[in-house]
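Per-entry structural report
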Amino acid sequence: MGKKLFWLLPALLLGAGCMQVDYVGRKFAPSQQVLVYDADRPPPADRYTIIGRFTVTTKPKVHPYEVEYEIRNRAAEYGGDAIQLVKSFERFHGLYNTDAEEFGTPAPTEKEPPEREKKLFGAPKPLAGNAPMTKRREYHYLLLKDAETVKRELLP
């Protein structure tokens, strides 16, 4: 058992380093339990009020369960009673590469700039690198709080 925990902790820490979490919203007293909803199983409309939004960006190798675990912990810290996964998708980040035409970016050309531009900006220099596009996963969660609690705490 001890050996398993010894190897599990570094794996979780490595996965956590590949995750960026942004939160916009209100903060309440910490909660004990956070329920999870998604598009297939939405929360009851009259039971909850939206108090915030999480946006998570990860590398593709980070498992969705790791993301959910992190968001549940943060939701409890912010006082949420439930989270709802609204959408998730993969997106490409980075500069264009030589095969970038498929992404809508024009291919680089060998065209010389006009003399006027050369005098103003100097001679053109090649890019420092031809960085490939990197793939990222994005998750969007809503943070929900019991509607009656929100009314009691926010309204006098």
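Everything that follows concerns the structure shown earlier in this document.
A brief report on the enclosed structure follows. These numbers were taken from a predicted model, which means no experiment stands behind them.

Criteria and cut-off values
- Residues numbered from 1 in each chain as written.
- Predicted model: local features only at pLDDT ≥ 70, side-chain atom pairs only at ≥ 80, totals over all residues.
- Heavy atoms only, no water.
- Core = buried A, V, L, I, M, F, W, Y, C linked by side-chain atoms within 4.5 Å.
- Buried < 20%, exposed > 50% of the residue type's maximum accessible area, 1.4 Å probe, protein only.
- Helix = DSSP H or I, 4+ residues; strand = E, 2+ residues; numbered from the N terminus.
- Contact = heavy atoms within 4.5 Å.
- Arc of directions from axis to C-beta.
- Polar contact = N/O pair within 3.5 Å; in protein donor to acceptor, adjacent residues only side chain to side chain.
- Salt bridge = Lys/Arg side-chain N within 4 Å of Asp/Glu carboxyl O.

Describing the nonpolar core
In terms of nonpolar packing, the biggest core is built from 20 residues, with Phe54, Val56, Val67, Ile71, Ile83, Tyr141 and Leu143 touching the most fellow members. Where this core is concerned, the elements lending two or more residues are strand E1 (19-25), strand E3 (48-58), helix H2 (64-77) and strand E5 (134-146). If you tally residues by element for this core, the top one is H2, at 4 residues. Beyond its immediate chain neighbours, meaning those up to four positions away, Phe54 contacts Val21, Asp22, Tyr23, Ile71, Arg74, Ala75, Tyr78, Tyr139, His140, Tyr141 and Leu143. Tyr37, Tyr48, Ala82 and Leu142 belong to the second-largest nonpolar core, a separate cluster that totals 5 residues.

Regarding helix H4 (residues 147-154)
Buried within H4 we find Ala147, Thr149 and Val150. One side of H4 holds all its buried residues, which, seen down the axis, span an arc of 160°. Packing partners of the buried residues in H4 comprise E3 and E5.

What to know about the side chain of His140
In this structure, His140 sits in strand E5. You can call His140 buried: its relative accessible area is 15%. A distance of 3.0 Å separates polar atoms of two side chains, one belonging to His140 and the other to Glu138. Beyond its immediate chain neighbours, meaning those up to four positions away, His140 contacts Phe54, Thr55, Gln84, Leu85, Val86, Lys87 and Phe89.

Comments concerning the pattern of salt bridges
Tallying each qualifying case throughout the model produces 5 salt bridges. Close ionic contact of Asp81 with Lys145 constitutes a salt bridge, the shortest N to O distance being 3.8 Å. Within this pair, whereas Asp81 is found in the loop between H2 and strand E4 (82-93), its partner Lys145 is found in strand E5, the two being separated by 64 residues in sequence. A salt bridge links Arg137 to Glu90, with the shortest nitrogen-to-oxygen separation between them at 3.3 Å. In this pair, Arg137 is assigned in strand E5 and Glu90 in strand E4, connecting sequence segments 47 residues apart.

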